[in-house]
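Listed below, chain by chain, are the residues.
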Amino acid sequence: MTIEFPSENWKDYELLDSGRGEKLERFGEFILARPEPKALWDKTLSEEQWGRLVHTRFTPGAGFGKAGKEDSGTWERVRKMPDQWWIRYSGEDAPDFRLRLGLTSFKHVGVFPEQAPNWNWIFRKTSSIAAATGEKPKVLNLFAYTGAASLAARCAGADVTHLDSVRQVVTWAHENQDRSGLDGIRWVIEDAMKFARREERRGNLYQGIILDPPAYGHGPDGEKWKLDECLFDMMKNVGHILAPENSFLVLNLYSNGFSAILGETVVREAFGLHSGDGLDSGELILRDKFGKNLPLSIFVRLSR
């Protein structure tokens, strides 16, 4: 199992400290304190030091995090900062794009920084497939949110289809594309399962498929998504639309209780793979400035 975290070459992000159910992060020039239930240890910096550093702190509503559901909360500004701002993602052997951040009512800011290793891997794999085939790889990003993975694939020359069920976040992703000086991404607002099944019926194939499904969700027409019940069927559908050669899959899972081994077994069984079939899995973490490792998601990657 592999453990990966963002490179120090990413100048616009740092996890400064973590502990006591919170994390202290720098996004560009602004420092945010947000709840983090997995930070079970003590903070290294004092509360006074956190208070001197932070620009804004998220205070959750009652019942935050129960049963996989987040209640809305409020941002309490300590120092002046805007509601929205931009950061850049770049680094050695990495894509180069911009991301708009914003203070949402559910503590999120429009980017999950622990995903940076996935962006780099997608960029490298897409570039490699393009070089090997001499063609523009087709990449499908399901549950695509604000589109960092879509931008990583597009930076490598892919023909990208970006799908999410929420119109507002697709609009947000489109802004990120434009600010990054990119174009040509196909935007789809639809239920992911419906789209994957239709692509299977049509016989369409992709050289890259990226999935970052939530624990719970709804499609634009009220379709229900529950990870425990839907994931295996989704992966079987995906297995039929992923090209058999010169292709890749990235599955990312945040749900508590889902291990890397579980994710790998789901993919292996859905695709009918055997040991050594180009499958890798691991954890994505953030490492704070004092060396404390904060595990946040698991990944499964398939390379053909």
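None of the values given here were measured: they were computed from a predicted structure.

## Here's the deal with the confidence of the model for the protein chain
- Looking at the protein chain, pLDDT values average 95 and 97% of them are 70 or higher.
- Note that residues 64-68 has pLDDT below 50 and, in this model, 9 contacts with residues that lie over four places away or in other chains.

## Focus on the side chain of Glu223
- Its place among the elements puts Glu223 in the loop between strand S13 (216-218) and strand S14 (224-226).
- Of the polar contacts made by the side chain of Glu223, one reaches the side chain of Lys194; its length is 2.9 Å.

## Looking at the sheet that holds strand S5 (residues 56-60)
- In spatial order, the strands read S2-S3-S4-S5-S6; together these 5 strands make up an open sheet with mixed pairing. Two strands bound the open sheet, and with one partner strand each, they are strand S2 (13-19) and strand S6 (73-77). Neighbouring strand axes in the sheet, compared pairwise and without regard to direction, differ in orientation by 20° on average.
- Here strand S4 (residues 30-35) pairs with S5 via 2 bridges, running parallel. Within S5, the position partnered with Leu32 by the bridge is Thr56.

## With respect to the packing of aromatic side chains
- On inspection of all chains with the given rule, the structure shows 13 aromatic pairs.
- Between Phe30 and Trp85, the aromatic rings sit 5.6 Å apart at their centres with planes inclined by 80°, giving edge-to-face as the arrangement. With Phe30 in strand S4 and Trp85 in strand S7 (residues 84-89), this residue pair connects regions lying 55 residues apart in the sequence.
- Take Phe30: its relative accessible area is 9%, and that puts it in the buried class.

## Details of unusual backbone geometry
- For Arg20, which is not glycine, the phi dihedral falls at a positive 55°.
- Mapped onto the elements of the fold, Arg20 is located in the loop between S2 and strand S3 (22-27).
- Phi is positive for Tyr145, close to 55°, though the residue is something other than glycine.
- Mapped onto the secondary structure, Tyr145 falls in the loop between strand S9 (138-142) and helix H3 (148-155).
- By relative accessible area, which is 23% here, Tyr145 ends up partly exposed.

Cut-offs applied
- Residues numbered from 1 in each chain as written.
- Predicted model: local features only at pLDDT ≥ 70, side-chain atom pairs only at ≥ 80, totals over all residues.
- Heavy atoms only, no water.
- pLDDT = per-residue confidence, 0-100.
- Contact = heavy atoms within 4.5 Å.
- Helix = DSSP H or I, 4+ residues; strand = E, 2+ residues; numbered from the N terminus.
- Polar contact = N/O pair within 3.5 Å; in protein donor to acceptor, adjacent residues only side chain to side chain.
- Pairing = 2+ DSSP bridges.
- Axes fitted to C-alpha atoms, helices over the stretch in contact; angles between N-to-C directions.
- Phe/Tyr/Trp six-rings, centres within 6.5 Å; stacked < 30°, edge-to-face > 60°.
- Buried < 20%, exposed > 50% of the residue type's maximum accessible area, 1.4 Å probe, protein only.

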